[in-house]
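# Fold and geometry: a report
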Amino acid sequence: MQKRGEPKELGDEVPRKNLDLLGGEIVPVNGGSGRAQLAQWLTLPQNPLTARVMVNRIWLGHFGHGLVATPNDFGTRGARPTEPELLDHLATKFIASGWSVKAMHRLIMLSAAYQQAGTTGGFPRRRLEAEEIRDTYLDLAGELDRTPNEGHPFPKEEKWEFSQHDPFRALYDSSKRSAYLMTQRIQRHPFLSLFDGADTIESTPQRHASTVPTQALWFLNDPSFHQRAESLAKRLLTLPGPRRLDFAYRLCLQRPPTDAEAKNVSAFRAAYAAENTGLPDSQCELVSWSAWCRVLLSCNEILYLD
Amino acid sequence: MRSLVGGSMLMPGIISQLLAESGAPVSVDPLLPKAPHFPPKAKRVIFLFLTGGVSHIDAFDPKPRLFADHGKEVKVDHPEVNGRPDYKQLFLKRPQWEFSPHGQCGTEMSTLFPHLARSVDDFALIRSMNTSHSNHVQATLGMHTGSFSFARPSIGSWVSYGLGTENRNLPSFITIAPFTPYAGSQVWGSDFLPAVHQGTLVIPGDEPVANLHRRAATTRMQEIELAALREMNTAHLATRADDSVLAARMHSFETAAGMQLAVPDAFDLSKESDATLAMYGLTRGQTTGFGWQCLAARRLAERDVRFIELIDSGSSNNWDSHKDMLEHEIRAQNADKAIAGLLQDLKERGLFEDTLVVWATEFGRTPFNNAIDAKGREHHHWAFSCWLAGAGVKPGIVFGETDEYGIHPVRDPVHVNDFHATILHLMGLDHERLTFRHSGRDYRLTDVAGKVVRGLLA
């Protein structure tokens, strides 16, 4: 034991072991870092808790709510499972499949319950999560870089002079998927934090979806959002005029526009063009399509999954 | 509720009507004003946080014996010096500023804060503050969240959660900070409380709130876009009328459009008189410094922002004067006149009666150091000073007392949890009833501790 974490201030020798509260088994020191032993202990056949927690998380992802409403608390203060037999059935299947997450997805998605969920209102409407919003817009703009990240350009270790007074701070933005964004503990990513991204301090099993005006300001004025919309507009302008609207609706909303919507878009572009009298035609075209793309990308239909 | 956009383009009435018909307006709009637990003394808080650890014994807590016994060895079992090489012996260190009585009340303050000393009749000085950690990050977290280890909702988020806000064109909780503080955004984070209650960070300068400047070329163009968006969303809502969240998001665009005008107006000091600017030690056109922050705070208070926090510096170049206590003078030059000006201005405008002003730092500094000629002081969390002023606070008093050297409180100790309980009390909130269910239990700002300090109440 190092007192106050000081390597020079040594206290009593303490064997490596599990928490006393959870059994206190000794973990041999000669077996590497101890992570493998921790994993083995967590997945012992006589410990079904881990499997229950995991299948509940997978269920939560598919249905929008778990069989246990408190996914991070299966203890005495947590909620009781609504279908305990189902939870145990899935947990048993999960262990029997060799802890295959993919097999669990398949089992759930092939079930009658899952296939009815969309039509019977079983899945609550949800807003896209922060990472999904970012990736969606990059993709619609044709700018999403799907190659894996090579690692962030962190400063070289010999140049580190960080302290609590001058901590490391960086963003390392890119066009890659949000899964590759760098996460910092003391500084939340400005976009992810604006759209209710996971807390960087504690485990976040479920996201809130806040609706705040600072988010609306992002849609109105953020340079990167305007950039995405303009890129989408440029994609549309490569198509012959009559095909543009249909393409945009199918791409963004997975459906063709209604006749009324098509009329509204024409009216919108005419009104916008009337404001843009100084610009040459080609530029005016891009400006008004970009503005309309901002509207399309801002609408509730794109942000919320029914 | 007021929309600055208004007019025929946006028809805000329709959305309000949709919200009303959805039957759950409270869940839709968690920022609507809420009734406090009992009649409040204060409607809003201005929380001044001077970061780095302001020395109590050099500013607020006179210790004649510390002057007299300078250089004398003391034995103290102190967490900041235990186990540190070169800290085997500790010697008392005299303050570098002289103390004298001020105001009608005669409270002694040093020459470190000459302007603030003249306002001593306006605040209740607490000389027996104590906190639970001697490191910046944890103590800063503690002063903001009541928790010294894990991130928890900030006090501003708790107040926003408890009371909502009157002005929907401005956020309910605003933190104005020129640099990132210790513990980073956890200082204004809402943690497990709904994200609407998180503090909006304002960095002094040209664009105080992100994405505030209209990017569409003209106002008219933005109106055309907003109208088209509303039309799309209204059609989408027609078959989903039971979902209040969709209508709430439509409404948020109206509020955002209002904020584009209301926020820059709140931070535009150009219409302030020369006399007012001078009161805060500001020169015309200046957009930085604690004077700017304090005057902006008064303007936000006038606009009924519920909780306004000002942090004077960041995690470096602050009050953490390990090397030389004279660095305190540089920090005081930034803050002293600004704070005195704020108190005076609030009084002149009648805002002092319903605004609570809190002055806080994360801990004090050691009355001793490891050498007789040491120039600096270390962190000291056993005792330090803070003050409260304004609505519901007994003015011109000293509360609590430390020992002859300012090492320990000896009378009426006030822990950070007690400090928080008292602030909530002045806002009409019972700190034991302001709870949020999270991880299987009800959480409070004061966790399982805290007592309202009755002696501070008017």
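## Let's talk about the confidence of the model for chain B
Residues and elements named next belong to chain B. Mean pLDDT over chain B: 91, with 94% of residues reaching 70 or higher. Predicted confidence for residues 1-27 stays below pLDDT 50, and this span has 42 contacts to residues more than four positions away or in other chains. The ipTM, which scores confidence in the relative placement of chains, is 0.87 for this predicted complex, and the corresponding pTM is 0.82.

## Focus: helix 14 (residues 416-426) of chain B
All names here are of chain B. The buried count for helix 14 comes to eleven of eleven residues, which makes it a mostly enclosed element. Along helix 14, the residues classified as buried are Val416, Asn417, Asp418, Phe419, His420, Ala421, Thr422, Ile423, Leu424, His425 and Leu426. Just past helix 14, the residue Gly428 takes up positive phi, approximately 85 degrees.

## Comments concerning the packing of helix 11 (residues 259-275) of chain A against helix 12 (residues 281-298) of chain A
All names here are of chain A. It is the contact of helix 11 with helix 12, at a shortest axis distance of 9 Å, that shows an interaxial angle of 130 degrees. Overall, the two elements helix 11 and helix 12 adopt an arrangement that is oblique. For the element pair helix 11 and helix 12, the recorded crossing hand is right-handed. Where helix 11 abuts helix 12, its residues Val265, Phe268, Arg269, Tyr272 and Ala273 lie against Cys284, Ser288, Ala291 and Trp292. Broken down by class, the residue content of the contact of helix 11 with helix 12 amounts to seven nonpolar, one polar and one charged.

## Comments concerning the environment of Trp99(A)
All names here are of chain A. As for its placement among the helices and strands, Trp99 is situated in the loop between helix 3 (84-96) and helix 4 (101-109). Overall, the presence of 13 C-beta atoms within 10 Å leaves Trp99 in the partly exposed class. Through-space distance from the C-alpha of Trp99 to that of Ser231 is 43 Å; in sequence the pair is 132 residues apart. Not counting chain neighbours up to four residues away, the residues in contact with Trp99 comprise Thr43 and Phe94.

## Details of the sheet that holds strand 3 (residues 90-92) of chain B
Residues and elements named next belong to chain B. Ordered by their spatial adjacency, three strands build an open sheet running 2-3-12, and the pairing between neighbours is antiparallel. The open sheet has two free edges, formed respectively by strand 2 (73-74) and strand 12 (368-369), since each of these has just one partner strand. Examined bridge by bridge, strand 2 and strand 3 share two bridges and lie antiparallel to one another. Counterpart to Val74 in the pairing with strand 3 is Leu90.

## Quick notes on the pairing of strand 10 (residues 355-360) of chain B
Residue and element names in this part refer to chain B. Taking burial as the measure, the six residues of strand 10 include six buried ones, the bulk of the element. Looking at chain direction, strand 10 and strand 14 (residues 384-390) are connected through four bridges and run antiparallel. Considered in strand 14, the bridge of Val358 is made with Leu388.

## Quick word on the nonpolar core
Within the largest apolar cluster, 163 residues are counted, with the highest numbers of intra-cluster contacts made by Val45(B), Leu48(B), Ala297(B), Ile308(B), Leu356(B) and Val358(B). With ten residues, the next largest nonpolar core counts Ala51(A), Trp59(A), Val68(A) and Leu90(A) among its residues.

## Observations concerning the interface of chain B and chain A
When the parts of a complex come together, some accessible area is lost, and that lost area is often taken as the interface size. Counting from both sides, the interface comprises 47 residues of chain B and, opposite them, 48 residues of chain A. When contributions to the side of chain B that touches chain A are tallied by element, the ones reaching two or more residues are helix 7 (136-145), helix 9 (219-238) and helix 10 (244-266) of chain B. Sorting elements by how many residues they give to the side of chain B that touches chain A places helix 9 of chain B first, with eleven residues. Each residue belonging to the side of chain B that touches chain A can be placed in one class, and the counts come to 20 nonpolar, 18 polar and nine charged.

## So, the pairing of strand 4 (residues 99-102) of chain B
The two faces of a sheet get side chains in turn, since along a regular strand they alternate between them. Taken together, the four bridges between strand 4 of chain B and strand 5 (residues 107-110) of chain B define a ladder with antiparallel strand orientation. When the bridges of strand 5 of chain B are listed, Phe99(B) appears paired with Ser110(B).

## Focus on the confidence of the model for chain A
Per-residue confidence for chain A gives a mean pLDDT of 90, with 97% of residues at or over 70. Model confidence for chain A, summarised as mean pLDDT per element, is weakest for helix 5 (residues 112-117) of chain A at 80 and strongest for helix 6 (residues 130-140) of chain A at 98.

## As for helix 9 of chain B
In a regular helix each residue adds 1.5 Å, so 20 residues correspond to 28 Å; helix 9 of chain B covers 28 Å between its end C-alpha atoms and thus fits that length. Listing the buried residues of helix 9 of chain B in full gives Gln222(B), Ile224(B), Glu225(B), Leu226(B), Ala228(B), Leu229(B), Arg230(B), Met232(B), Asn233(B) and Leu237(B).

## Details of the environment of Trp218(A)
Residue placement: Trp218(A) occurs in helix 8 (residues 213-221). Placed 39 residues apart in sequence, Trp218(A) and Pro257(A) show a C-alpha to C-alpha distance of 26 Å. Ignoring sequence-local partners within four residues, the contact set of Trp218(A) consists of Leu194(A), Phe225(A) and Asn211(B).

## Some thoughts on the packing of helix 2 (residues 49-63) of chain A against helix 4 of chain A
All names here are of chain A. Where helix 2 contacts helix 4, the axes come no closer than 10 Å and their chain directions differ by 50 degrees. Overall, the two elements helix 2 and helix 4 adopt an arrangement that is oblique. When the axes of helix 2 and helix 4 are compared, the crossing they make is right-handed. Every residue of helix 4 that contacts helix 2 at Val55, Ile58, Trp59 and His62 is listed here: Val101, Met104, His105, Ile108 and Met109.

Cut-offs used in this document
Residues numbered from 1 in each chain as written. Chains lettered and ligands numbered in written order. Predicted model: local features only at pLDDT ≥ 70, side-chain atom pairs only at ≥ 80, totals over all residues. pLDDT = per-residue confidence, 0-100. Contact = placed C-beta atoms within 7 Å. Buried ≥ 20, exposed ≤ 12 C-beta atoms within 10 Å, placed from the backbone. Helix = DSSP H or I, 4+ residues; strand = E, 2+ residues; numbered from the N terminus. Axes fitted to C-alpha atoms, helices over the stretch in contact; angles between N-to-C directions. Parallel < 35°, antiparallel > 145°, perpendicular 65-115°, else oblique. Left-handed = near helix turned anticlockwise from the far one by under 90°. Nonpolar A, V, L, I, M, F, W, Y, C, P; charged D, E, K, R; others polar. Pairing = 2+ DSSP bridges. Core = buried A, V, L, I, M, F, W, Y, C linked by C-beta atoms within 7 Å. Expected span 1.5 Å × (residues − 1).

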